[in-house]
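# Structural overview for review
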Amino acid sequence: MTSSLELYFSRALVTGGAGFIGSHLVDALVSAGCEVCILDNLSSGRLENLSHLGDRITFIEGDIRDAGTLAEAARGCEVVFHEAAVVSVTKTVAAPVETAAVNDMGTLQVLETARRSGVRRVVLASSSAVYGDDPEMPKHEKMRPKPMSPYAVQKLTGEYYARLYHELYDIETVSLRYFNVYGPRQDPSSPYSGVISIFMTRALSGEPPVIYGDGEQRRDFVFVADVVRANLMAAGAPGAGGGIFNVGTASAMTVNDLWRRIANLAGMDAAPVHAAPRAGDIRESRSSIANAAAALGFHPDYDFEKGIAATMAWYRERAERNAS
Ligand code: NAD
Ligand code: UD1
C-alpha cells in the first residue's frame with residue numbers, strides 16, 4: 001500500500017507496532033528491508049495485525065514503562081518510531097493520572113532509553129489535538145497550543161520532552177502531529193473509535209450511524225499510508241531533528257458529508273441518528289502541511305476517494321470473513 005522510500009537505517013524499533021498505524025509502519029519498514037523490533041503490550045493492538053509477517057519481525061510483548069524491556073527492544077536500533085499510547089481522548093478524561101503514566105512517563109522512558117542505547121533518531125506520534133479549538137485555520141505549527149483534554153496535554157508534553165532531548169542530548173527527535181487518521185485495521189469496536197471505522201461498519205451492516213451534534217464539524221482525514229510515508233521521511237530528512245510537523249491533507253470535510261459518501265459507496269441510504277454534541281468536540285480541524293512539505297518533502301499520495309475506497313474494501317472483506 002505504501003510506495004517504498006529509500007531508508008538510511010537498517011534496524012528500527014516500533015513501539016505500539018501491533019496497533020493500527022504502527023502495524024502499517026512495520027509493513028513498510030519490512031518491505032524496505034529494515035530489521036524491525038516491535039514492543040507492544042497489546043492493550044489496544046492485536047497480533048493479527050502482524051501475523052502475515054511471520055518470523056520477519058521480532059515481537060516483544062511488554063510495556064514501554066518497563067526500562068529493562070525497552071532497552072532490550074532498542075538494542076542495536078538506529079531509529080525508534082514511538083506509536084504506543086492510550087489513544088482514546090475519553091479514556092484520558094476518565095483517567096488522567098493512569099493515562100499520563102503511559103503517554104507522558106512512557107514517552108519519557110522511550111526518549112531516555114534512546115539516549116542510553118545510542119539511538120540516532122526518534123520519531124514521535126503526536127496529535128492535532130494539541131491545537132484545541134483555536135478557530136484559526138488552517139492549523140499551523142507556529143500557533144500557540146491550546147490543549148483541551150488530558151490526551152492533548154500528554155501529547156504536548158511528549159513534544160516538549162522530545163525537543164529538550166534534542167537540545168540537551170543531541171538526539172534527533174521529530175514530532176509528527178497526525179490529524180484524523182483512517183484506513184484498514186482501524187479498530188471500530190469502541191464508541192470512541194475513529195469515526196470512519198465506525199461509519200464503515202455501520203454502513204456495511206445496514207445500521208444508521210450516530211452523528212454527534214449537527215454534523216457540521218469538520219475534520220482533516222488522512223489515509224494511513226500517507227502517515228507511514230511521513231514517518232519514513234521524518235526518519236531520514238537531514239536537519240529535521242528537534243522539529244514538529246503536521247501530517248494531514250490540508251483539506252477538511254464535515255461529518256455529515258463523510259457519512260453521505262460512505263453510505264453512497266456502501267450502497268445504503270439510512271438516515272443518521274443525531275445525538276447531543278460530545279463534550280470538548282472541536283468544531284474544525286484542518287492542517288497546513290507547508291512545513292512538512294518543505295522540511296520532509298511530504299505530500300499526501302491519497303485523496304479522499306482513493307483512501308476511502310481502499311478502506312471500504314478492507315472493511316467489506318472483514319465483514320465477509322466475520323460472517324462466514
Ligand atoms: P492503536 O491503539 O491502534 O495503537 C496504539 C498501540 O500502542 C497499540 O498496539 C497498543 O497495544 C500499544 N500500547 C498502548 N499502551 C502501551 C504500553 N504502555 N506499552 C506498550 N504498548 C502500548 O492507535 P493508533 O491509532 O494506531 O495510534 C498510534 C499513535 O498515533 C498513538 O500515539 C496516537 O496517540 C497517535 N495518533 C493517532 C491518531 C488517529 O487518528 N488514529 C491521530 C493522532 C495521533
Ligand atoms: C481523533 C483521534 C485522536 C486524535 C485526533 C487528532 C480517534 C479515536 N481519535 O479525535 O486520537 O488525536 O483525532 O485530530 O481516532 N463522531 C460522530 N459519530 C461517531 C463517532 C464520531 O459523529 O460515531 C464525530 C465526533 O463527534 C467528531 C468527529 O466525528 O466530531 C471525529 O471523531 P473521532 O473520529 O472520534 O476523532 P476526534 O475526536 O477528532
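Structure's up top.
Basis of the calculations
- Residues numbered from 1 in each chain as written.
- Chains lettered and ligands numbered in written order.
- Predicted model: local features only at pLDDT ≥ 70, side-chain atom pairs only at ≥ 80, totals over all residues.
- Heavy atoms only, no water.
- Helix = DSSP H or I, 4+ residues; strand = E, 2+ residues; numbered from the N terminus.
- Buried < 20%, exposed > 50% of the residue type's maximum accessible area, 1.4 Å probe, protein only.
- Right-handed = clockwise from strand over helix to strand, strands pointing away.
- Pairing = 2+ DSSP bridges.
- Salt bridge = Lys/Arg side-chain N within 4 Å of Asp/Glu carboxyl O.
- Core = buried A, V, L, I, M, F, W, Y, C linked by side-chain atoms within 4.5 Å.
- Phe/Tyr/Trp six-rings, centres within 6.5 Å; stacked < 30°, edge-to-face > 60°.
- Lys NZ or Arg CZ within 6 Å of the ring centre and 35° of its normal.
- Axes fitted to C-alpha atoms, helices over the stretch in contact; angles between N-to-C directions.
- Contact = heavy atoms within 4.5 Å.
- Near = heavy atom within 4 Å.
- Polar contact = N/O pair within 3.5 Å; in protein donor to acceptor, adjacent residues only side chain to side chain.
- Areas by Shrake-Rupley, 256 points an atom, 1.4 Å probe, with all protein chains shown as cover.
- Nonpolar A, V, L, I, M, F, W, Y, C, P; charged D, E, K, R; others polar.

Here threonine 311 shows up in helix 10 (residues 304-323). Overall, threonine 311 belongs to the buried group, its relative accessible area being 1%.

With six of its seven residues buried, strand 6 (residues 172-178) lies for the most part within the structure. The parallel pair strand 5 (residues 121-127) and strand 6, bridged by helix 5 (residues 150-169), forms a crossover whose chirality is right-handed. One ladder, built from five bridges, connects strand 6 with strand 11 (residues 243-247); its direction is parallel. Note on strand 11: the bridge partner recorded for tyrosine 178 is valine 247.

Pairs may arise between side chains of opposite charge once their charged atoms sit close together. Here the structure, examined in full by the defined rule, presents 19 salt bridges. As a salt-bridge pair, arginine 46 and glutamate 48 come within 3.9 Å of each other at their nearest N and O atoms. Relative accessible area serves as the criterion here: at 23%, arginine 46 is assigned to the partly exposed category. As a salt-bridge pair, aspartate 281 and arginine 219 come within 3.0 Å of each other at their nearest N and O atoms. Of this pair, aspartate 281 sits in the loop between strand 13 (273-275) and helix 9 (290-296) while arginine 219 sits in strand 9 (residues 218-219), and the two are 62 residues apart along the sequence. The exposure class of aspartate 281 is partly exposed, given its relative accessible area of 32%. Salt bridges sharing common partners tie together Asp257, Arg260, Arg261 and Glu305.

The subject of this paragraph is the nonpolar core. In this structure, Leu29, Phe81, Leu176 and Leu296 are the most contacted members of the largest nonpolar core, which totals 66 residues. Counting residues in each nonpolar core, the second largest holds 23 residues, with Leu39, Ala73, Ala114 and Val119 among its members.

Considering all chains together, one arrives at eight aromatic pairs under this definition. Ring centres 5.5 Å apart and planes at 80° place the aromatic pair phenylalanine 199 and tryptophan 259 in the edge-to-face group. Highlighted residues: phenylalanine 199 in helix 6 (residues 195-205) and tryptophan 259 in helix 8 (residues 255-266), separated in sequence by 60 residues. Under the relative-accessibility criterion, phenylalanine 199 is labelled buried at 2%. In textbook terms, an aromatic cluster arises when at least three aromatic residues are bridged by ring pairs, as seen for Tyr182, Phe223, Tyr302 and Phe304. Looking at arginine 115, its charged tip hangs above the ring of tyrosine 169, at a distance of 4.1 Å from the centre.

Moving on to the sheet that holds strand 11. Taken in spatial order, the seven strands line up as 3-2-1-4-5-6-11 in an open sheet, and their pairing is parallel. Two strands in the sheet have a free side with no partner beyond their single neighbour: strand 3 (58-61) and strand 11. Here the strands of the sheet are splayed against their neighbours by 20° on average, with no regard to which way each runs. Where helix 5 meets the sheet, its contacts fall on strand 5, strand 6 and strand 11, and the angle it forms with strand 6 comes to roughly 155°.

Let's shift gears to the site of ligand 1. As a matter of local geometry, ligand 1 sits amid 28 residues, with Phe20, Ile21, Asp40, Ser44 and Tyr151 nearest to it. For ligand 1, an oxygen atom lies 2.6 Å from a polar atom in the side chain of serine 44. Measuring from an oxygen atom of ligand 1, one finds a backbone N or O atom of valine 181 at 3.0 Å. Isolated, ligand 1 exposes 820 Å² of accessible area, and the fraction of that covered by the protein chains is 92%. Among the elements of the structure, helix 1 (20-31), strand 5, helix 5 and strand 7 (180-182) are those that each provide at least two residues to the shell around ligand 1. In terms of residue count, strand 5 provides more of the shell around ligand 1 than any other element does, three residues in total. Grouping the constituent residues of the shell around ligand 1 by class yields 14 nonpolar, ten polar and four charged.

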